[in-house]
Amino acid sequence: MTCIIHTPSKVLHCEQDDSSYLYMYWYKQTTGAMDLLAYSLGEGSVTTEPPFNESKYEMGRPEVLKSSLKIKNLDPGDSAVYFCASSMAH
């Protein structure tokens, strides 16, 4: 008999209201640290920052004003405060 345990995922959503703010970022804050997880320089453009990887964290940027962060295979190490931010292009 094979037993498969499905570990759920969680999707966080972020929306901003100024289309001149092209850049969007996701941060993970744990005790004593806030780390950049991923960022986007525009619609459809996504970069995941090391040591994080896309097999665990998947950023989506379907529109300039919207972003999402999917955290896959949740485990206790994912317990944190997650922040979304946006900024103007320089």
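Higher on the page you've got the structure.
Every chain's residues receive numbers from 1 upward, in the order its sequence appears when written. It should be noted that, the model being predicted, local features are given only for residues of pLDDT at least 70 and side-chain atom pairs only at 80 or more, the latter also being counted only at that level, while totals for whole chains, interfaces and linings use all residues. Calculation of side-chain values draws on the structure's entire complement of heavy atoms; hydrogens and water are dropped beforehand.

*Asks:* How do you make sense of the packing of aromatic side chains when you look at a structure like this?
*Replies:* Within a pair of aromatic rings, the relevant descriptors are the distance that separates the centres and the angle that separates the planes. When the centres of two rings from Phe, Tyr and Trp lie within 6.5 Å, Trp using its six-membered ring, the rings pair. Their planes under 30 degrees apart give stacked, over 60 give edge-to-face, and anything left gives tilted. This model, assessed by the stated rule, comprises two aromatic pairs. Aromatic pair F52 and Y57: ring centres 5.5 Å apart, planes at 90°, arrangement edge-to-face. Assessed through its relative accessible area of 6%, Y57 is described here as buried. Only protein chains enter the calculation, and the probe is 1.4 Å; a residue is then buried if its accessible area is under 20% of its type maximum, exposed if over 50%, and partly exposed in between.

*Asks:* Quick question: what am I supposed to make of the sheet that holds strand β5 (residues 57-63) here?
*Replies:* Sheet strands line up and pair through hydrogen bonds in the backbone, either parallel or antiparallel. By the convention used here, strands pair only if DSSP detects at least 2 bridges between them. Numbering of helices and strands runs from the N terminus; a helix is a DSSP stretch of H or I covering at least four residues, while a strand is a stretch of E covering at least two. Taken together, the three strands give an open sheet; going across it, the order is β1-β6-β5, and neighbouring strands pair in antiparallel fashion. Strands with a single pairing partner mark the edges of an open sheet, and in this sheet they are β1 (10-15) and β5. In this sheet, neighbouring strand axes are inclined to one another by 20° on average, regardless of whether the strands run parallel or antiparallel. Note: β5 against strand β6 (residues 66-71), five bridges, orientation antiparallel. Along β6, the bridge assignment pairs M59 with L69. Axis definition: a line fitted to C-alpha atoms, over the contacting stretch in the case of helices. Angles run 0 to 180 degrees between N-to-C directions.

*Asks:* Mind showing me how you'd approach the sheet that holds strand β3 (residues 33-42) here?
*Replies:* Across the sheet, four strands lie side by side as β4-β3-β2-β7; this open sheet has antiparallel pairing. A strand with exactly one partner marks an edge of an open sheet, and here the two such strands are β4 (45-48) and β7 (81-87). Neighbour to neighbour, the strand axes of the sheet diverge by 20° on average, direction disregarded. Of the strand pairs in this sheet, β3 and β4 are connected by three bridges, and their pairing is antiparallel. Along β4, the bridge assignment pairs A38 with T48.

*Asks:* Quick question: what am I supposed to make of the environment of S19 here?
*Replies:* Here S19 lies in the loop between β1 and β2 (23-30). A sequence separation of 45 residues divides S19 from V64, and the C-alpha atoms of the two residues are 6.3 Å apart. Contacts are assigned to residue pairs with any non-hydrogen atoms lying within 4.5 Å of each other. Sequence-distant contacts of S19, that is, excluding residues within four places in its chain, are made with V64 and L65.

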